[in-house]
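# Chains, contacts and geometry: an overview
Each chain is listed here by its residues.
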Amino acid sequence: MYLLKALVCGKNVNEGEEVHASVVRTGFASSEFVSGALLGFYVANGFIGEARQVFDEMPQPGLVLWTLMIQAYVCLTLLGEALELFQTMRRVGKMPDMVVVATVVSASGLLGDLGVAKKIHCFIKKSGVKVDEFVSSTLINTYGECGSLTNAYRFSQETAMKNTVVWNTIIHRSLEHNNLDLGKQLFDLMPERDVASWNSMIQRFANIGQYEKALALFHDMEISVFRPNTWTLLSTLSAWASHGALEAGSWIHSYVNNNDLNRDGSLDSSLIDLYSKCEDIGKAIQIFEESPRTIRKKQIRNGQIRF
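Quick summary incoming for the structure in this document. (Residues numbered from 1 in each chain as written. Predicted model: local features only at pLDDT ≥ 70, side-chain atom pairs only at ≥ 80, totals over all residues. Heavy atoms only, no water.)

## Notes on the overall build of the protein
A tally of regular secondary structure across the protein gives 19 helices and zero strands. Looking at the 307 residues of the protein, the share that counts as buried comes to 44%. Counting contacts in the protein only where the partners sit at least 6 residues apart, residues at least 24 apart contribute 59% of the total. Surface summary for the protein: the accessible area is close to 15800 Å², and the carbon and sulfur share equals 52%. (Helix = DSSP H or I, 4+ residues; strand = E, 2+ residues; numbered from the N terminus. Buried < 20%, exposed > 50% of the residue type's maximum accessible area, 1.4 Å probe, protein only. Contact = heavy atoms within 4.5 Å. Areas by Shrake-Rupley, 256 points an atom, 1.4 Å probe, with all protein chains shown as cover.)

Here's what the structure looks like:
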């Protein structure tokens, strides 16, 4: 086994095949550890067929081998094969653990197949297998990608793993599907928020031109344990520039100056874009002239300032 692991690093296929033949002759192929090393060797070298042969040669593959083989298919984007093997695993009575479930949820997400997502959801619900935040958020995202906000919301309410990551995922999907009421309702119900929670809501209200609500949330964020970060400011400035919202954008500019949040000039491009689109060219030129030299060059290249 140690020799095979060394061969994986060196990718010496011929020597690996010789070791494989030796393993079969000496009867070690029935060892879970040895077969796992062989399988890993073939996968690392792109020989998925040979890896599957190693798997099939095991009379009763254990959970480790099932997991390795399913993960191998997903890594090589052979998603149909991964899901088919998962179904076989269930048929033979082998109980998947959280790692296997996480792997097949990833596969269903990459496929964007609503039917597959529903089947995995049903399995999780009936089997009682514990899932972590990765599985929960990935399945919610999969439903979202498939256009099924109803199923995404249902799963988010069912899962026991409902931390900030999961809350943020369902809120993001609600906003993405233009269900602002549900997104805001979930945001208000969150037991704990982080910067991403606030940014999602502020950006969405800003993007649809509801400046008063966006600014109200911005003020609420100020007095929370979190403070607006660069992404908060960039996203709001971009949204208000697109809508020509000079008053709201000017308020953000004042906030930036009062709190000394633009020391490195990283917001200059967004501020120039805002004032240019709102036809306050004098202010745009003023910021341009005060910008560091490297940022001024970037702005000229991007066509924000023309002479």
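## A few points about the nonpolar core
Inside soluble globular proteins, nonpolar side chains tend to come together where they are buried. Ranked by size, the top nonpolar core spans 82 residues in total, and within it Met-69, Ile-70, Val-101, Ile-124, Met-201 and Trp-240 carry the most contacts. Element by element, the count of residues in this core is highest for helix H5 (residues 63-75), at seven residues. In this structure, Trp-240 is in contact with Ala-206, Tyr-211, Ala-214, Leu-215, Ala-245, Ala-248, Gly-249, Ile-252 and Leu-274, ignoring residues within four places of it in sequence. (Core = buried A, V, L, I, M, F, W, Y, C linked by side-chain atoms within 4.5 Å.)

## A short note on the pattern of salt bridges
Close approach of charged atoms allows side chains of opposite charge to pair. Taken as a whole, this structure holds seven salt bridges when the rule is applied. A salt bridge links Glu-158 to Lys-125, with the shortest nitrogen-to-oxygen separation between them at 3.4 Å. Residue Glu-158 is found in helix H10 (residues 149-158), and its partner Lys-125 is found in helix H8 (residues 114-127); the two are separated by 33 residues along the sequence. Its relative accessible area of 59% is what places Lys-125 among the exposed residues. For Glu-176, the salt bridge is made with Arg-173, and the minimal N-O distance between the two is 2.3 Å. Highlighted residues: Glu-176 and Arg-173, both in helix H11 (residues 164-176), separated by three residues, approximately one helical turn. Taking the relative accessible area as the measure of exposure, Arg-173 reaches 6% and is therefore buried. (Salt bridge = Lys/Arg side-chain N within 4 Å of Asp/Glu carboxyl O.)

## Focus on H8
End to end, H8 covers 20 Å across 14 residues, agreeing with the expected 20 Å (1.5 Å per residue, within 8%). Buried within H8 we find Val-116, Ala-117, Ile-120, His-121, Phe-123 and Ile-124. Seen end-on, H8 carries its buried residues on one side only, within an arc spanning 160 degrees. Turned more than 90 degrees away from the buried face of H8, the exposed residues are Lys-119, Lys-125 and Lys-126. Against helix H6 (79-91), helix H7 (98-111), helix H9 (133-145) and H10 lie the buried residues of H8. Residue Asp-113 occupies the N-cap position of H8, its side-chain oxygen lying 2.9 Å from the main-chain nitrogen of Gly-115. Just beyond H8, the residue with positive phi is Gly-128, at close to 75 degrees. (Expected span 1.5 Å × (residues − 1). Arc of directions from axis to C-beta. Polar contact = N/O pair within 3.5 Å; in protein donor to acceptor, adjacent residues only side chain to side chain.)

## Overview of the layout of surface pockets
Considering only enclosed or pocket space, the largest pocket measures out at about 200 Å³ in volume. Around the largest pocket sit 15 residues that line it, and Asn-257, Asn-262, Asp-268, Ile-287 and Glu-290 are the ones nearest its centre. Elements with a minimum of two residues in the lining of the largest pocket: helix H16 (246-258), helix H17 (268-277) and helix H18 (281-290). It is H18 that provides the largest number of residues to the lining of the largest pocket, a total of four residues. The residue inventory of the lining of the largest pocket, partitioned by class, reads four nonpolar, six polar and five charged. Computed from the structure, the second largest pocket encloses a volume of approximately 160 Å³. Around the second largest pocket, the lining residues are His-121, Ile-124, Lys-125, Val-129, Lys-130, Val-131, Phe-155, Glu-158, Thr-159, Ala-160 and Met-161. Of all elements in the fold, only H8 and H10 reach the threshold of two or more residues within the lining of the second largest pocket. Per element, the largest residue contribution to the lining of the second largest pocket is three residues, and it comes from H8. In the lining of the second largest pocket, the residues fall into six nonpolar, two polar and three charged. (1 Å grid on protein atoms, 1.4 Å probe; cavity = no way out; pocket = protein on both sides within 12 Å on 5 of 7 lines; lining within 4 Å. Points joined across faces, edges and corners; volume = space filled by probe spheres on them. Nonpolar A, V, L, I, M, F, W, Y, C, P; charged D, E, K, R; others polar.)

Any link to function would need more than the numbers given here.
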